Amino acid sequence: MVVEVTETEFASLVSERAADPKRQHELLELLREDNELYDQRGAATTARMRGWVLHNLSLCSLTDEALIFVLEELDTGTDPYLVAAAARALRSYARPTSAFAPFVMRAITHIRYRNEPVSFESYGEYGDGDNVTTPVQELLTTLRWLGANAEPVLSELEQLRAQPDRLPRTLLASIDEAIKAISGKEAVDNDFCCSLPLGLKDRFSWTSNSRRGCEPVESVIFEDHNNELISFGDFFQGQPSIVVFFYTRCDNPLKCSLSITKLARIQESLLERGLADKINTAAITYDPEFDSSERIRGYGQNRSVQLNTRHRMLRACDGIDSVRKHFRLGVNFIESLVNRHRVEVYILDSRGRIASVFERIHWNEQEVVERAIEILHEESEEKSQARNKKNATASTLGTMASLGVAFFPKCPICWAAYLSVFGIAGFDRIPYAPWLQPVLALVMLINLASVWLRSRATHRMLSFCFAAGGAAVIIMSKLSHGGKKFAIWGVLLTLAGSVLSALGTRKKRQLGKETEGDSWFFDLFRRDGFTRTKDQTTKSTA
Amino acid sequence: MTTKLKATKKSKAKSAKPRSTRAAMSVATSDKETVKARVAAMAEVPLAVCESDKDLQSMLSVLRDQAQPIEVRLAALQSIQAASFSVVAFESCRSDYIATLRKVATDPDLEMRQRVLGILAREKDGFAQRKLLEGLENPEKELVPPEKALQLLSYDIHAEAYPIARKIVNNPPNEEAKREALRLLAADAKSAPVFEKLLRDKNETAEIRQVSAAALQGLKPEKLQESAREILLDDSDYDEIKATSLTALTQFGDKDQVNKDAALKKHVNRISTKGGAKVKRTARQFISKYGR
Amino acid sequence: MNVEVQINNSINPKSQFVSWAPSPCRIRVTNPSGAITPTVTIRLSSTSAATGGAVVFRKGTTGAFSNTLTLTVPIIGTSVPFFVAGKFGRPSSSNADVRIDARFGTLLAGSVKVMVRIRKNANNLTPAERDRLVSAFAQINNQGAGRFADFRDMHTNVTSPQAHGAPGFLPWHRAYLLDLERELQSIDPTVALPYWRFDQASPNIFTLDFFGVSNSVGTVSFSPTNPLQFWRTDGVPGINRRPFFGTNTAPPGLRTEAQTLALGNAYPAFRTLEGNPHGSAHTSFGGFISSIGTAARDPLFFLLHCNVDRLWAKWQRQFGRFDPAVAASFDGAANPIGHNLPDTMWPWNGITTPPRPPTAPGGSLAASPCVSAPGPQPRVSQSLDYQGNVNAVSRLGFDYDDVPFS
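Residues numbered from 1 in each chain as written. Chains lettered and ligands numbered in written order. Predicted model: local features only at pLDDT ≥ 70, side-chain atom pairs only at ≥ 80, totals over all residues.

## Observations regarding the sheet that holds strand β5 (residues 55-58) of chain C
All names here are of chain C.
Argument step 1. Here we have 4 strands laid out as an open sheet, ordered β1-β3-β7-β5, and antiparallel in their pairing. Looking along the sheet, the strands with just one partner apiece sit at the ends: β1 (2-7) and β5. On average, each strand axis in the sheet is inclined to that of its neighbour by 35°, with strand direction left out of account.
Argument step 2. Inspection of the sheet shows β1 paired to strand β3 (residues 23-31) by 6 bridges, in the antiparallel sense. Of the residues in β3, the one forming a bridge with N2 is N31. (Pairing = 2+ DSSP bridges. Helix = DSSP H or I, 4+ residues; strand = E, 2+ residues; numbered from the N terminus. Axes fitted to C-alpha atoms, helices over the stretch in contact; angles between N-to-C directions.)

As structure tokens, this is what we get:
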């Protein structure tokens with residue numbers, strides 16, 4: 001959505017925010033690439049606007065949240081104005097730390113051959129004379145500010161100084177001052193001396209919850225490097241994936257070209273670890289209209305990317321807006337062209353949900369691989385636990401089912417047996433019914449008889465012993481004074497006998513066909529020569 | 001005669017021995033020398049600016065000085081620009097060089113402005129882009145003609161020149177401007193339908209149709225192949241665009257599709273003997289690749 | 001009686017290209033019928049098409065070349081080595097326009113066609129040579145989607161310190177041209193990069209059928225028959241090039257060839273040609289070619305640099321500067337990385353850690369079916385002995401029409 005704000009208005013808006021301590025945090029929103037204020041702006045305009053925000057941040061005290069944007073610019077920036085602004089902004093951070101030094105030195109390496117005058121006198125000024133500075137000048141000043149904290153890069157700086165013919169003479173003094181500042185002071189001894197602030201230390205974060213409610217993208221169709229169509233769901237669901245965003249017309253070699261080169265290295269690493277079939281990789285273009293299959297294939301191949309069914313270069317046939325929203329991509333456009341984007345790589349879990357994000361600062365290939373492997377293992381673990389749980393449940397259920405089957409009365413006699421157990425035991429709770437006693441006694445006898453027959457059939461007399469013992473205890477408990485408390489033991493013994501009887505399987509006999517699980521009932525007829533197979537009952541002629 | 005020969009020998013000897021950089025530099029920056037001598041001296045000293053800050057500042061000073069003859073100033077620009085190719089050696093000069101270029105971008109001399117804005121535009125300099133866009137939006141502020149401004153803006157496909165380019169395509173101040181606007185729009189994938197339409201429009205000039213073909217080939221090659229085919233089969237269309245169409249199909253055509261297209265091949269076969277010289281030539285190349 | 005002749009020690013048709021520097025060859029008997037002795041005498045000679053190339057022979061690695069060569073070849077099939085070279089001054093104009101005949105007495109026992117493939121003055125190419133070149137360029141560009149994008153990406157503002165302003169300037173560009181030329185030859189093996197002789201008028205280059213005609217704005221036009229009309233780089237079609245001189249003349253202010261060769265007999269002095277004529281040639285135009293970051297977008301860039309390389313080759317020939325061990329052949333002072341003799345050169349070395357650029361587009365240097373040098377990751381030192389003068393295996397497989405092999 002194009003927001004009609006002139007650059008002058010934008011500059012005023014920024015200055016106002018910067019001047020108001022309660023609104024300074026709003027400046028961070030203005031550094032997000034996808035902020036609507038950058039929509040339909042050219043790259044140079046976007047650089048002016050962002051640079052002005054960074055410059056205003058340098059007038060405040062740089063917060064931890066803003067730090068990532070500054071370091072990003074030092075890490076991958078190639079615009080002199082932005083790099084200079086970032087160098088200045090860094091100096092407004094409360095605590096110099098040696099972790100900043102490599103960023104500053106890297107920025108010098110990247111920008112030194114594009115060193116040019118910049119001005120922060122007012123918005124939109126370009127250096128052409130007085131009151132100008134240069135990005136290298138600002139970076140050297142920042143090294144001086146770091147002082148002894150920049151010791152890790154001292155030797156690099158000294159090497160730079162050893163090339164006096166190449167550097168502007170005006171900068172030689174600045175280099176000397178920086179070297180002096182680094183060598184002279186003792187490093188500040190604090191908890192933060194060597195590490196980035198906490199918010200940056202973990203440069204990836206769990207975002208699975210934060211993306212809830214994002215536009216679903218399972219049905220978005222992509223075309224890959226071979227013109228094959230595949231949906232998001234089909235490619236990204238099933239196993240974890242590492243996803244990089246890029247476009248072929250990116251003119252910052254520190255961003256897309258490097259990201260795709262690193263993707264190739266990630267693929268190598270996965271292959272070495274035998275995980276190339278277990279973790280997908282994908283590169284999705286921000287610019288699907290221009291980046292045809294042929295273009296993205298060439299771009300990937302020229303950077304040694306391996307391309308096959310699990311590792312693809314992709315362009316969204318439609319639904320690129322959904323993809324943008326789903327990932328909350330750090331990108332904006334002038335017409336169909338990207339005007340600026342951040343470095344971003346995502347790790348998706350096997351359900352295609354975002355599990356990790358590496359953004360802004362260039363990511364380390366091995367870190368990304370390790371993270372993806374963690375996710376893979378965690379998912380395996382979860383699956384394994386789920387499987388165990390399922391098995392346990394199944395076996396518990398199975399056991400319970402077996403017990404249930406065992407306990408379930410399969411015939412009138414069983415019914416009688418149960419009745420005899422519970423009836424006799426609970427006899428005295430039933431209101432007086434004289435006719436019941438002999439009935440229940442009879443039922444108990446029937447139970448005993450049925451258990452006996454079953455024991456004979458299975459050749460396991462233990463169940464009959466239990467049942468008989470139980471019956472004996474029940475009778476004794478009824479007959480003796482003070483023996484009622486033993487009735488429960490009689491019940492349990494009878495119950496045990498019934499269970500053992502029900503669970504005991506008849507030995508399989510070879511009767512032509514397997515006759516597993518035959519009812520004992522048929523054993524009664526066996527002597528008559530009947531045989532039974534699974535599907536038929538035939539009279540044996542044996 | 002002898003004197004003449006001696007003099008000739010002497011002058012040959014003189015020209016054979018190159019003068020020192022110091023001597024050349026002295027001539028180049030001296031107001032007392034002729035324009036011709038100074039221009040020749042400027043050509044000898046490109047790397048001097050990399051070695052001496054004083055020489056750099058002298059040359060930049062000549063470049064900035066509007067009182068100096070324009071030929072000398074342009075020669076100074078060319079010399080420093082030549083030195084800029086020695087990137088490592090030029091590192092010490094770049095910042096001052098860019099600052100001077102920005103100052104000179106509004107020079108009274110059109111040629112100077114064109115060259116300087118060209119150099120800056122190739123660096124994707126935001127200052128230059130802003131000046132060029134301002135000139136296109138408001139002709140009173142234009143520093144170079146609109147066709148030149150569009151051409152320079154096309155050095156950065158991320159510049160915000162697309163809206164103005166579209167306006168110019170629809171209402172061009174001249175044919176050159178329209179052509180440059182189209183070249184610029186060729187970076188925008190969404191412009192493909194515009195190019196398809198222009199390519200098929202027989203009322204457009206050959207150059208416009210040729211630019212459209214090139215643009216469409218890059219954005220939607222399958223559309224160009226379709227259009228090229230129709231152009232070729234249309235006997236009323238012009239030889240120039242037919243030749244372009246044949247070249248496109250020969251170089252970049254989908255081999256399988258073309259090989260199966262008997263009607264097209266038959267038609268090309270016919271025009272290979274009956275068409276104009278350019279059509280015949282490209283038709284023969286087509287036949288050589290795809291057969292009759 | 002049949003014999004097999006291998007050019008560049010291969011029967012691969014793609015290896016049947018020679019230059020002025022001698023190519024190692026082999027001959028062997030494949031069918032000894034008619035032979036009554038253990039060895040046979042085979043006489044090698046060549047036949048040239050009209051306006052075709054010509055070759056000469058010699059038996060060993062030293063000695064004079066001759067138009068014919070007689071060899072004793074065992075009939076059991078053992079190969080016998082010999083050398084073939086293009087006859088200086090007689091390059092081919094089309095593929096296989098020289099036939100090498102092997103005769104056993106009067107019987108033609110075998111033959112092979114070769115091309116004497118030489119880098120020529122672009123102004124003097126035949127229409128067919130010109131058309132093959134532009135077609136190959138158009139193919140490698142492939143309207144912006146082709147392999148040319150890597151060559152363009154090798155020569156940008158970010159990457160330029162690898163190749164400019166220090167002694168590695170000439171070696172790096174020699175490798176760059178060689179890589180591109182080999183890629184062009186994989187499209188059309190008859191193509192060799194020509195040079196733009198910028199100190200002379202070259203009107204035939206700046207034509208609609210060749211590298212185009214610039215209008216007043218500096219946009220280059222091509223004939224509708226010219227495939228370069230579809231040239232595209234950085235997403236934009238066309239070429240911006242505005243000559244500051246009449247293309248019927250040479251650009252003014254450039255050092256002549258003689259002046260350039262007279263810069264000095266040691267490399268540090270000679271390489272100041274980077275300023276003039278090299279830099280001056282670039283800035284004789286407005287447009288792509290006049291700024292380092294965009295120069296490689298114009299295919300004329302490669303012809304310009306081919307001439308710079310030819311000047312180096314000529315200087316090497318004049319002063320005998322092929323051997324890296326000879327101090328004057330190079331600048332042995334401590335130079336930035338990539339500019340010292342033992343250094344490998346980016347991007348072919350694939351190194352992307354600082355101070356090298358962050359990516360290395362295009363991979364290793366293209367191989368050739370004719371020669372093995374310089375290998376996929378060339379060193380600076382390997383650029384010097386391009387004809388194999390010091391060590392025959394160092395031969396890079398190209399030659400210039402006016403720089404002989406001694």
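## Topic: the interface of chain C and chain B
Argument step 1. The interface is formed by 43 residues belonging to chain C together with 49 residues belonging to chain B.
Argument step 2. Of all elements in the fold, only α1 (127-141), β13 (236-237) and α6 (275-282) of chain C reach the threshold of two or more residues within the side of chain C that touches chain B.
Argument step 3. It is α6 of chain C that contributes the most residues to the side of chain C that touches chain B, 6 residues altogether. (Contact = placed C-beta atoms within 7 Å.)

## Description of the sheet that holds strand β9 (residues 354-359) of chain A
Two strands in a sheet stick together by hydrogen bonds in their backbones, pointing the same way (parallel) or opposite ways (antiparallel).
Residue and element names in this part refer to chain A.
Argument step 1. Taken in spatial order, the 7 strands line up as β2-β1-β5-β4-β3-β8-β9 in an open sheet, and their pairing is mixed. Strand pairing shows two members of the sheet lacking a second neighbour, β2 (229-231) and β9, which therefore form its edges. The sheet shows a mean angle of 30° between the axes of neighbouring strands, direction not considered.
Argument step 2. Direction of pairing for strand β1 (residues 221-224) relative to strand β5 (residues 311-316): antiparallel, over a ladder of 3 bridges. In the strand pairing of β5, E223 is matched with R315.

## What about the confidence of the model for chain B?
Residues and elements named next belong to chain B.
Argument step 1. Of the residues in chain B, 94% have a pLDDT of 70 or more, and the chain-wide mean is 91.
Argument step 2. Helix α11 (residues 146-153) holds the highest mean pLDDT among the elements of chain B, 98, whereas helix α1 (residues 2-16) holds the lowest, 41.
Argument step 3. Low pLDDT, under 50, characterises residues 1-16; the stretch is placed with 0 contacts to residues that sit more than four places away or in other chains. (pLDDT = per-residue confidence, 0-100.)

## Quick look at the interface of chain A and chain C
Argument step 1. With 15 residues of chain A in contact, the opposing surface of chain C contributes 15 residues.
Argument step 2. Those elements that place two or more of their residues in the side of chain A that touches chain C are α12 (253-272) and α13 (293-301) of chain A.
Argument step 3. Looking at the side of chain A that touches chain C residue by residue, the classes come out as 4 nonpolar, 6 polar and 5 charged. (Nonpolar A, V, L, I, M, F, W, Y, C, P; charged D, E, K, R; others polar.)

## Section: the packing of helix α3 (residues 169-187) of chain C against helix α7 (residues 300-319) of chain C
Think of two packed helices as two axes; the pair is described by the angle between the axes and how far apart they sit.
All names here are of chain C.
Argument step 1. Relative to each other, α3 and α7 sit at 125°, their axes nearing to 10 Å. Classified by the angle between their axes, α3 and α7 sit oblique to one another. In the packing of α3 onto α7, the handedness of the crossing is left-handed. Contacts between α3 and α7 involve L170, H173, R174, L177 and L180 from the first element and F302, H305, C306, V308, D309 and W312 from the second.
Argument step 2. Residues that form the contact of α3 with α7 fall into these classes: 7 nonpolar, 2 polar and 2 charged. (Parallel < 35°, antiparallel > 145°, perpendicular 65-115°, else oblique. Left-handed = near helix turned anticlockwise from the far one by under 90°.)

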